[in-house]
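Coordinates in review
Each chain is listed here by its residues.
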Amino acid sequence: MLDKINIHDLQLLLSVDKDVWTEHSMLRLRERSIKRADVVACIMNGEIIEQYPSAYPHPACLVLALIKDNPIHVVAGIGGGNLSIITVYYPTLDKWERDYKTRKAGV
């Protein structure tokens, strides 16, 4: 089992087409008008800002990137030799500090 997910591991799996998009992630893309290409750009150019080692069914992390000057968050995990895209959203300032890396207290 992975201890900590590394951004390079995510990027490698994505670059060799070992990515799986959950039904939930596809629903969120449509609801939020986010393009798959923006999710790919987030992973390829972003940074991991949170780790979820106990996530089910496998460890996951939160990736942040600025895409076309807009912050985007992607929750992704690694399991069974695949990169799993779990969900994606635009972070908002009611829940995140201006750096979009730090959760606001009490939220």
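Quick note: structure is the one above.
Before going into details, it helps to say that this report is about the structure given with it. (Residues numbered from 1 in each chain as written. Predicted model: local features only at pLDDT ≥ 70, side-chain atom pairs only at ≥ 80, totals over all residues. Heavy atoms only, no water.)

1. Regarding unusual backbone geometry
Residue Y56 is joined to P57 through a cis peptide bond whose omega torsion reads 10 degrees. Position of P57 relative to the elements: it lies in the loop between β2 (47–52) and β3 (60–67). Its identity as a non-glycine residue notwithstanding, D17 has a phi of 60 degrees, on the positive side. Take D17: it is sitting in the loop between α1 (7–15) and β1 (19–21). The exposure class of D17 is exposed, given its relative accessible area of 64%. You will see that S33, though not glycine, has its phi angle at about 50 degrees, which is positive. (Helix = DSSP H or I, 4+ residues; strand = E, 2+ residues; numbered from the N terminus. Buried < 20%, exposed > 50% of the residue type's maximum accessible area, 1.4 Å probe, protein only.)

2. So, the nonpolar core
Among the nonpolar cores identified, the biggest contains 23 residues, and L10, V39, I43, V74, L83, I85 and V88 are the most heavily contacted of them. Put simply, the parts of the chain that give this core at least two residues each are α1, α3 (36–45), β3, β4 (70–79) and β5 (82–89). Not counting the four nearest positions on each side in its chain, V39 is found in contact with W21, L29, I34, V74, I85 and V88. (Core = buried A, V, L, I, M, F, W, Y, C linked by side-chain atoms within 4.5 Å. Contact = heavy atoms within 4.5 Å.)

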